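Residue strings, one per chain:
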Amino acid sequence: MLGPVILAASRSDKMRRIVSAAPVTKPVVNRFIPGETVDQVIPIVEELTQAGLEVTLDVVGEDITEVAQSYAARDAYLQLIERLAELGLGEKAEMSVKLSMFGQALEGGHELALANVRPVVEAAAAIGTTVTLDAEDHTTLDSMFAIHEELRRDFPQTGCVIQAYLFRTEADARRLAAAGSRVRIVKGAYKEPAEVAYQDKAEIDKAYVRIMKILMEGEGYPMIGSHDPRLIAIGQELARQAGRKLDEYEFQMLYGIRSEEHLRLAAEGHRMRVYTAYGTDWYGYFMRRLAEKPANLLFFLRSMITKN
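Residues numbered from 1 in each chain as written. Predicted model: local features only at pLDDT ≥ 70, side-chain atom pairs only at ≥ 80, totals over all residues. Heavy atoms only, no water.

**Observations concerning the nonpolar core**
Thinking step 1. Residues Leu80, Met95, Val117, Leu133, Ile162 and Ile185 are the most contacted members of the largest nonpolar core, which totals 70 residues.
Thinking step 2. Among the elements that take part in this core, helix α9 (residues 201-217) stands out by supplying seven residues, more than any other.
Thinking step 3. Setting aside its immediate chain neighbours within four residues, Val117 contacts Val97, Leu99, Phe102, Leu133, Ile147 and Leu151.
Thinking step 4. Judged by nonpolar contacts, the second largest core, of five residues, contains Phe32, Ile33, Ile257 and Tyr275. (Core = buried A, V, L, I, M, F, W, Y, C linked by side-chain atoms within 4.5 Å. Buried < 20%, exposed > 50% of the residue type's maximum accessible area, 1.4 Å probe, protein only. Helix = DSSP H or I, 4+ residues; strand = E, 2+ residues; numbered from the N terminus. Contact = heavy atoms within 4.5 Å.)

Shown next, in the form of structure tokens:
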């Protein structure tokens, strides 16, 4: 029940100021966001990949208000790609981007976001890796999918994200489960109205399984974004039933959550990718992590009580 409240707070400037000013916030944020600069996150990339894991990197930030900020976001990813090139990890280190950060919500935002993300996708391809377009709230998805389709004409490895709690997603999954596609499925982490999304956890889980089945039986490359042990086990069984080899799908989890499970899946031969965010504009990302799981919120609250 607290999830919707926290998601509403993630868009509140007042709550942003309160949470950001709390002395205990930074140590807890560090659990989920291991650095603010590319220099701080590169050693994390090396540590994770040396442990047999893969990564997807997200420069946090969204809901920008000025065109100049969209250019700064583009340049931040281009800087990241320059540093990843030095590591020579190829597809073991990909990137995730939110098109809102590239100007999607501004005037002329669709064209602006496409113009900003294209050089990032092109630079990623040049070093042997790729980019996945993150899903945001339902009002942005038609634009995101159109940009995804446009990018795939030149860079077919470009991925996208679909969200199980939206009614539209099963149809999207059928359309996207084509040869060469890369699709990450997540439950969804935005406050969506009952007109467009399931509100009950059990219904969301059922939808997640139906969509996993569509992706596993399709011709694309499914990326299972979940920390739920039951859904992970179901994903493994659906992959087995579909005759998929271990390198024909992957699991993805967030940095700082169930780290032992990351290693266990990798040790079993699965491709296990860790979603690793960094940057200074961490508030929205952090609040969605709290909303997704009560244990995360309890961890934060206990830390505040202990420190005060």
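**Points about helix α4 (residues 38-50)**
Thinking step 1. Between its terminal C-alpha atoms α4 stretches 18 Å, which fits the 18 Å expected from 13 residues at 1.5 Å a residue.
Thinking step 2. Of the residues making up α4, those classed as buried are Val38, Val41, Ile42, Ile44, Val45, Leu48 and Thr49. Take α4 and look down its axis: the buried residues cluster within an arc of 165°, on one side only. Exposed and facing more than 90 degrees away from the buried side of α4 are Asp39, Glu47 and Gln50.
Thinking step 3. Tucked inside the fold, the buried residues of α4 contact β1 (54-59), α5 (67-87), β2 (93-97) and β8 (271-278).
Thinking step 4. Looking one or two residues past α4, Gly52 carries a phi angle of roughly 90°, positive in sign. (Expected span 1.5 Å × (residues − 1). Arc of directions from axis to C-beta.)

**Comments concerning the pattern of salt bridges**
Thinking step 1. Here the structure, examined in full by the defined rule, presents 30 salt bridges.
Thinking step 2. Residues Asp142 and Arg168 are paired through a salt bridge, measuring 3.0 Å at the closest nitrogen-oxygen approach. Here the residue Asp142 occupies a position in helix α7 (residues 141-154), and Arg168 occupies one in the loop between β4 (159-163) and α8 (169-176), the gap between them amounting to 26 residues.
Thinking step 3. One salt bridge connects Glu261 with Arg264, and the closest N-O pair in it is separated by 2.6 Å. Linking Glu261 with Arg264, this pair stays in helix α11 (residues 259-267), spanning three residues, or about one helical turn.
Thinking step 4. The class of Arg264 is partly exposed, set by a relative accessible area of 34%.
Thinking step 5. Salt bridges linked by common partners bring Asp58, Glu94, Lys98, Asp134, Arg182 and Arg184 together as one network. (Salt bridge = Lys/Arg side-chain N within 4 Å of Asp/Glu carboxyl O.)

**Focus on the packing of aromatic side chains**
Thinking step 1. According to the stated counting rule, one finds three aromatic pairs in the structure shown.
Thinking step 2. Both rings, one in Tyr77 and one in Phe102, keep their centres 5.7 Å apart while their planes meet at 35°; by these two values the pair is tilted. Residue Tyr77 is found in helix α5, and its partner Phe102 is found in the loop between β2 and α6 (109-126); the two are separated by 25 residues along the sequence. The exposure classification of Tyr77 matches that of Phe102, with both residues buried. (Phe/Tyr/Trp six-rings, centres within 6.5 Å; stacked < 30°, edge-to-face > 60°.)

**Digging into the environment of Glu250**
Thinking step 1. Following the sequence through the fold, Glu250 ends up in strand β7 (residues 250-254).
Thinking step 2. Taking the C-alpha atoms as reference, Glu250 lies 9.9 Å from Ala266; in sequence the two are 16 residues apart.
Thinking step 3. Sequence-distant contacts of Glu250, defined by excluding residues within four places in its chain, comprise Tyr221, Pro222, Met223, Ile224, Arg271 and Arg273.
Thinking step 4. Here Gln252 takes part through its side chain, which lies 2.7 Å from a polar atom of the side chain of Glu250. (Polar contact = N/O pair within 3.5 Å; in protein donor to acceptor, adjacent residues only side chain to side chain.)

**A look at the sheet that holds β1**
Backbone-to-backbone hydrogen bonds pair the strands of a sheet. The strands run either parallel or antiparallel.
Thinking step 1. As summarised here, the arrangement of the eight strands in space is β1-β2-β3-β4-β5-β6-β7-β8, forming a closed barrel in which the pairing is parallel. Neighbouring strand axes in the sheet, compared pairwise and without regard to direction, differ in orientation by 30° on average.
Thinking step 2. Pairing of strand β3 (residues 131-133) with β4 involves two bridges; the strand directions are parallel. Considered in β4, the bridge of Thr132 is made with Gly159. (Pairing = 2+ DSSP bridges. Axes fitted to C-alpha atoms, helices over the stretch in contact; angles between N-to-C directions.)

**Observations regarding the pairing of β7**
Thinking step 1. Along β7, five of the five residues are buried, which leaves the element largely enclosed by surrounding structure.
Thinking step 2. Going residue by residue along β7, you find Glu250, Gln252 and Leu254 tucked away on one face and Phe251 and Met253 tucked away on the opposite face as well.
Thinking step 3. Pairing analysis gives three bridges linking strand β6 (residues 221-225) to β7, with the strands arranged parallel. Looking at the pairing, Met223 lines up with Glu250 of β7.
Thinking step 4. What joins β6 to β7 is helix α10 (residues 229-241), and the crossover it makes is right-handed.
Thinking step 5. Where β7 meets β8, five bridges bridge the pair, whose relative direction is parallel. Residue Phe251 lies in a different strand from β8, and its bridge partner there is Met272. (Right-handed = clockwise from strand over helix to strand, strands pointing away.)

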